[in-house]
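# Structural overview for review
One-letter residues, chain by chain:
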Protein chains: 2
Amino acid sequence: MKLTASEENYLKAIYHLSEGASKSVSTNDIAAEMKTKPASVSDMLRKLGEKGVINYRKYYGVNITQEGKKLALQTIRKHRLWEVFLVEKLNFAWDEVHDVAEELEHIQSPLLIQRLDAFLNYPKFDPHGDPIPDEFGDVKARPRIPISEMEIDQSGQIVAVKDSSAAFLRYMDKVGAYIGARVKILDKVEFDGSVEILVDQKKSIFMSKDVASNILAIQS
Amino acid sequence: MKLTASEENYLKAIYHLSEGASKSVSTNDIAAEMKTKPASVSDMLRKLGEKGVINYRKYYGVNITQEGKKLALQTIRKHRLWEVFLVEKLNFAWDEVHDVAEELEHIQSPLLIQRLDAFLNYPKFDPHGDPIPDEFGDVKARPRIPISEMEIDQSGQIVAVKDSSAAFLRYMDKVGAYIGARVKILDKVEFDGSVEILVDQKKSIFMSKDVASNILAIQS
DNA sequence: AAATATAATTAGATATAGCTAAAAAAATAT
DNA sequence: ATATTTTTTTAGCTATATCTAATTATATTT
Ligand SMILES: [Mn+2]
Ligand SMILES: [Mn+2]
Ligand SMILES: [Mn+2]
Ligand SMILES: [Mn+2]
């Protein structure tokens with residue numbers, strides 16, 4: 001099964017929207033995610049359905065097939081490997097990599113990805129803490145919870161961000177929160193869910209619930 | 001001026017066909033180079049003409065403009081930098097890099113290329129000995145002659161290949177000829193122009209004129 | 001100079017990928 | 001159970017990039 005760059009992008013979006021959610025993915029949701037119009041999505045769904053990477057019943061949304069999942073994970077693998085390359089080797093900031101990786105992920109060359117993976121020493125996570133699927137599409141899931149859901153006095157380590165937008169990542173940089181940082185919940189405001197955390201036993205950061213819910217940690 | 005990947009490929013082809021040749025480039029030649037049909041070329045020439053990167057007079061072929069030349073050299077720069085990356089960092093063989101570079105060269109990110117250039121330590125030549133234009137499109141030309149034009153007993157150093165096809169490069173590997181090798185012309189056959197050369201003062205290679213004309217050297 | 005051959009362009013298709021506007025189906029509210 | 005709203009699809013249009021077949025312009029022969 002060979003997909004165009006555009007088909008790969010849609011399939012990836014469908015995969016992401018499927019994750020967690022148990023029911024079908026809707027046309028409107030895909031359109032929002034892809035920043036296209038629902039009419040364009042309907043057209044693409046017909047094509048992806050014909051290619052067998054999704055199950056598509058008109059008016060009832062789509063479910064990704066096993067084949068589709070595998071292909072989506074291949075694209076995600078490439079995207080994340082390139083992100084690691086950009087940060088580790090080319091000194092990109094973690095908020096600068098997404099758009100370039102969005103292009104690089106479509107380069108067709110299994111050898112390239114195999115060699116890139118080796119060159120990067122088989123990284124397991126991308127710069128945002130997201131796991132890199134292996135060449136068979138297997139992902140090592142790591143239990144992670146938003147720090148908004150941790151209790152006062154609990155400790156943990158930041159392992160990922162849920163929102164990888166440049167704006168959010170720059171906020172992280174600004175307040176000194178980063179992947180790998182040790183954190184402890186100092187206080188939680190009942191009223192609005194905002195949180196005060198201690199980073200690396202020295203720096204205290206106060207953040208809204210919205211922010212806290214986008215920082216993922218493993219408890220310790 | 002923003003070009004599509006396809007436009008960049010055509011412009012690069014036109015640039016290459018222009019090099020050396022003093023007159024306009026013909027539709028048929030471009031079609032042959034691009035492996036498309038002349039009809040497709042006519043269409044593209046109209047578009048490139050409208051964008052001002054070529055001067056196009058129907059039925060009389062094209063000449064690349066200054067603007068076009070600059071853009072073509074940017075694409076060539078990217079292509080060659082990626083080739084260096086693939087060979088130097090990812091251990092690709094020099095006959096495996098072209099097709100992948102042909103895709104990578106279209107990634108749009110000035111920062112990426114600037115950083116890649118630095119990461120590779122500002123290489124001046126690609127794995128086939130071709131010069132890498134700088135960010136302003138300036139190329140350091142090196143005098144180089146096909147070894148078919150060298151005289152008996154003359155010495156030199158292989159600096160590039162004219163033909164970068166996988167087939168030719170694998171032939172080079174097979175006979176042990178490589179960029180950087182010291183060569184001396186041992187014999188030339190008057191009848192058909194074939195040549196015997198000594199590589200690195202130890203290995204003698206006999207080759208047809210066709211082959212010899214595709215190996216470029218600087219005399220010493 | 002006219003006939004012929006070659007080269008290049010145009011006309012008309014196809015395929016991808018996007019859009020707006022209209023129509024139809026499904027979901028929700030009365 | 002209807003009516004209304006929301007969602008989704010279809011129809012029709014635009015743009016890119018390719019093709020084949022037909023046409024036209026230029027170049028070469030005779
Ligand atoms: Mn993408
Ligand atoms: Mn990422
Ligand atoms: Mn290319
Ligand atoms: Mn090269």
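Residues numbered from 1 in each chain as written. Chains lettered and ligands numbered in written order. Predicted model: local features only at pLDDT ≥ 70, side-chain atom pairs only at ≥ 80, totals over all residues. Heavy atoms only, no water.

### Quick look at the overall build of chain A
Counting its secondary structure elements, chain A contains eight helices and eight strands. For chain A, the C-alpha radius of gyration of 19 Å lies close to 17 Å, the compact-globule estimate for 220 residues. When the backbone C-alpha atoms are referred to their principal axes, chain A occupies close to 55 × 45 × 25 Å. Each of the 220 residues in chain A was classed as buried or not, and the buried ones make up 43%. Pairs at least 24 residues apart make up 61% of the contacts formed inside chain A by residues separated by at least 6 positions. Of the roughly 11500 Å² of accessible surface on chain A, a fraction of 50% belongs to carbon and sulfur atoms. With 30 positive and 33 negative side-chain charges, chain A shows a spacing of 4 Å between the two charge centroids. (Helix = DSSP H or I, 4+ residues; strand = E, 2+ residues; numbered from the N terminus. Rg over C-alpha atoms; globule rule 2.2 N^0.38 Å. Buried < 20%, exposed > 50% of the residue type's maximum accessible area, 1.4 Å probe, protein only. Contact = heavy atoms within 4.5 Å. Areas by Shrake-Rupley, 256 points an atom, 1.4 Å probe, with all protein chains shown as cover. Lys, Arg positive; Asp, Glu negative; His and termini not counted. Charge placed at Lys NZ, Arg CZ, Asp CG, Glu CD.)

### Comments concerning the pattern of salt bridges
Residues and elements named next belong to chain A. The full count for this structure, using the stated rule, is 18 salt bridges over all chains. The partner of arginine 170 in a salt bridge is aspartate 95, with the nearest N and O atoms 3.3 Å apart. Of this pair, arginine 170 sits in helix α7 (residues 166-175) while aspartate 95 sits in the loop between α4 (66-88) and α5 (98-104), and the two are 75 residues apart along the sequence. Residue arginine 144 pairs with aspartate 130 through a salt bridge whose shortest N-O separation is 3.6 Å. Highlighted residues: arginine 144 in the loop between α6 (110-119) and β3 (145-146) and aspartate 130 in the loop between α6 and β3, separated in sequence by 14 residues. Classification of arginine 144 by relative accessible area gives partly exposed; the value is 31%. (Salt bridge = Lys/Arg side-chain N within 4 Å of Asp/Glu carboxyl O.)

### Some details on the coordination of the manganese ion (ligand 3)
Residues and elements named next belong to chain B. At 2.0 to 2.3 Å from the manganese ion (ligand 3) lie its protein donor atoms, namely Asn9 (OD1), Glu102 (O), Glu102 (OE), Glu105 (OE) and His106 (NE2). Read N to C, the donor residues that coordinate the manganese ion (ligand 3) are spaced as N-x92-E-x2-E-H. Note that asparagine 9 is positioned in helix α1 (residues 5-18) and histidine 106 in the loop between α5 (98-104) and α6 (110-119), a separation of 97 residues in sequence. Residue class for histidine 106 comes out buried when judged on its relative accessible area of 12%. (Donors = N, O, S within 2.8 Å, 3.2 Å for Na, K, Ca; no water.)

### Some details on the pairing of strand β7 (residues 203-207) of chain B
Residues and elements named next belong to chain B. Bridge count for strand β6 (residues 195-199) against β7 is five bridges, and the pairing is antiparallel. Bridged to leucine 198 within β7 is serine 204. The hairpin turn running from β6 into β7, its antiparallel successor, is three residues long, and aspartate 200 in that turn takes a positive phi close to 55°. (Pairing = 2+ DSSP bridges.)

### Looking at the packing of aromatic side chains
Under the definition given, this model contains nine aromatic pairs over all chains. Both rings, one in phenylalanine 85 of chain A and one in phenylalanine 119 of chain B, keep their centres 6.3 Å apart while their planes meet at 80°; by these two values the pair is edge-to-face. Taken together, the positions of phenylalanine 85 of chain A in helix α4 and phenylalanine 119 of chain B in helix α6 put the pair across two chains. Accessibility expressed as a relative area gives 0% for phenylalanine 85 of chain A, which makes it buried. When the centroid spacing of 6.1 Å and the interplanar angle of 25° are considered together, the rings of phenylalanine 168 of chain B and tyrosine 171 of chain B count as stacked. With phenylalanine 168 of chain B and tyrosine 171 of chain B both in helix α7 (residues 166-175) and three residues apart, the pair spans about one turn of that helix. A residue is classified by how much of its surface remains accessible, and phenylalanine 168 of chain B, at 8% relative accessible area, is buried. On the basis of relative accessibility, which here comes to 23%, the residue tyrosine 171 of chain B falls in the partly exposed class. The rings of Trp82, Phe85 and Phe119 of chain A together with Trp82, Phe85 and Phe119 of chain B are connected pair by pair, giving a single aromatic cluster. The ring centre of phenylalanine 125 of chain A lies 3.5 Å from the NZ or CZ of arginine 142 of chain A, which sits over that ring. (Phe/Tyr/Trp six-rings, centres within 6.5 Å; stacked < 30°, edge-to-face > 60°. Lys NZ or Arg CZ within 6 Å of the ring centre and 35° of its normal.)

Nothing here speaks to function; it is geometry throughout.
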